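What follows is each chain in one-letter form.
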Amino acid sequence: MTHYSDHILHKIIDGKKLANQLCTSVSTEINQLTNHQKIVPGLAVIMVGDNPASHIYVQNKQKKAKELGINSFHYPLAMTTSEMELLHLLDQLNHDPNVHGILVQLPLPDHIDPHKIIEHIHPDKDVDGFHSRNMGLLALGKKELVPCTPLGCLKLLKHFLGNLSGKKSVIIGRSNIVGKPMALLLLQENCTVTITHSYTQNLAQECQQADIIIAAIGKPNFVKAEWVKENSVIIDVGINRISNENNKSIIVGDVDFSNVVDKVQAITPVPGGVGPMTIACLMHNTLQAYKKQLSI
């Protein structure tokens, strides 16, 4: 993690540290279970095409899976792979007893419908938590397999704040991957939840009243210091690559970190905040899927 000055350090919510703790507990449980079971948890990761960012994400997921004692099956497919070929592969993996989790790395090429692909993954193996059955259960207040990034955000918030009951939370972004499931999770924690988006009027005003802000809009340094109130807690989901003043490529979040950090109670850094928790929660979901399929 970046070295922060002492007056900033106590405000940093260290996603790497919490992710390591979660991964240690997952690894410990896997070791205990595989001592009694003949089958090891298996995670299949499918990547269509050659997106450089997707390559990095997939490598990180595979590496972490192997570290924790999960069998990792990698399916790199050509950009020209047809939708039917991908659906056929999913049929095979859905019926493979050694595969307990299936993840299709997004984005997919334009000729493949991501919704159709996600719906074709068996809900019990949907470790991304995007299948309509798992999203529907979440909406009903039941947690089966929960989308990894919102779950990671919730764990970070609860680690730092403890009880979230009664907190006013503003989510910037309404995607199916982060915004909507994040709202459902926070409602289960008895937060008052506002979802904002590109049509929201007076966005700054909405944020100024928030105890918690979840920024997931994909715009670098979008959330300004004057938007946040004193002692609020900020979870920055954004990962944006930009050029700094020296024309060097850097990664920044959706929050103007350097100007916001002095004002808030706590904030996640980018990188080193939400990212590690997303991968840790994927490992957690793979373990949960394995346990359900083996009726443990």
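Scroll up a little and you will see the structure.
On a predicted model such as this, the values are computed, not experimentally measured, just so you know. (Residues numbered from 1 in each chain as written. Predicted model: local features only at pLDDT ≥ 70, side-chain atom pairs only at ≥ 80, totals over all residues. Heavy atoms only, no water.)

**Thoughts on the sheet that holds strand β3 (residues 101–104)**
Cut-off, in case you're wondering: Strand pairing follows a simple DSSP-based rule, namely that at least 2 bridges must link the two strands. Numbered from the N terminus, helices here are DSSP runs of H or I no shorter than four residues, and strands are runs of E no shorter than two. Helix axes are fitted only over the stretch in contact, all axes being lines through C-alpha atoms; the angle between N-to-C directions runs from 0 to 180 degrees.
One open sheet holds the three strands; their spatial order is β2-β1-β3, and the pairing between them is parallel. If you trace the sheet from one side to the other, it starts and ends with β2 (71–77) and β3, each paired once. With strand direction ignored, the average angle separating the axes of adjacent strands in the sheet is 15 degrees. Here strand β1 (residues 42–48) runs beside β3; their pairing, made up of four bridges, is parallel. Paired with valine 45 across the bridge in β3 is leucine 103.

**A few points about the pattern of salt bridges**
This is how the line gets drawn: We define a salt bridge as a contact between a side-chain nitrogen of Lys or Arg and a carboxyl oxygen of Asp or Glu at a distance within 4 Å. Relative accessibility under 20% of the residue-type maximum defines a buried residue, over 50% an exposed one, and the middle range a partly exposed one, all with a 1.4 Å probe and only protein chains included.
Applying the stated criterion across every chain yields a total of nine salt bridges. The partner of lysine 292 in a salt bridge is aspartate 124, and the shortest N-O contact between them spans 3.2 Å. A residue pair is termed long-range when its members are at least 10 positions apart, and lysine 292 in helix α11 (residues 274–293) and aspartate 124 in the loop between α5 (114–120) and α6 (132–139) qualify at 168 residues. Given a relative accessible area of 40%, lysine 292 falls into the partly exposed group. One salt bridge in this structure joins lysine 292 and glutamate 144, with 2.8 Å as the shortest N-O distance. Taken as a pair, lysine 292 in helix α11 and glutamate 144 in the loop between α6 and α7 (148–161) lie far apart in primary sequence, 148 residues in all. On the accessibility criterion, glutamate 144 (36% relative accessible area) is partly exposed.

**Some points on the sheet that holds strand β4 (residues 168–172)**
One open sheet accounts for five strands, arranged β5-β4-β6-β7-β10; its pairing is parallel. A single partner strand is all that each edge strand has here, and the edge strands are β5 (192–196) and β10 (266–267).

**Overview of the side chain of lysine 11**
Operational definition: Positive charges are assigned to Lys and Arg, negative charges to Asp and Glu, while His and the chain termini are left out of the count. Polar contacts, as used here, are pairs of N or O atoms within 3.5 Å; protein pairs need one atom able to donate a hydrogen and one able to accept it. Residues neighboring in sequence count only if both atoms are side-chain atoms. Only heavy atoms enter the contact rule, under which two residues are in contact if any of them lie within 4.5 Å.
Along the chain, the position of lysine 11 falls in the loop between α1 (6–9) and α2 (15–34). Of the side chains with opposite charge, aspartate 262 lies nearest to the buried lysine 11, which makes no salt bridge, at 5.1 Å. Within polar-contact distance, the side chain of lysine 11 engages the backbone oxygen of aspartate 262 at 2.7 Å. If we ignore the near neighbours within four places in the chain, the residues touching lysine 11 are Val261, Asp262, Lys263, Val264, Gln265, Ala266 and Ile267.

**Overview of the pairing of strand β9 (residues 249–252)**
The side chains of a regular strand alternate, residue by residue, between the two faces of the sheet. As judged from the four bridges shared by strand β8 (residues 240–243) and β9, these two strands associate in the antiparallel manner. Note on β9: the bridge partner recorded for arginine 241 is isoleucine 251. Linking β8 back to β9 in an antiparallel pair, the connection comprises five residues, with asparagine 247 at a positive phi of about 65 degrees.

**Overview of unusual backbone geometry**
The step from leucine 106 to proline 107 runs through a cis peptide bond, and the omega angle for that step is 0 degrees. Residue placement: proline 107 occurs in the loop between β3 and α5. A cis amide bond, omega -5 degrees, links valine 270 with the succeeding residue proline 271. For proline 271, the position within the fold is in the loop between β10 and α11. Unlike most non-glycine residues, asparagine 202 shows phi in positive territory, near 55 degrees. As for its placement among the helices and strands, asparagine 202 is situated in the loop between β5 and α9 (203–208). We classify asparagine 202 as exposed; its relative accessible area is 53%. Its identity as a non-glycine residue notwithstanding, asparagine 231 has a phi of 65 degrees, on the positive side. For asparagine 231, a relative accessible area of 53% puts it in the exposed group.

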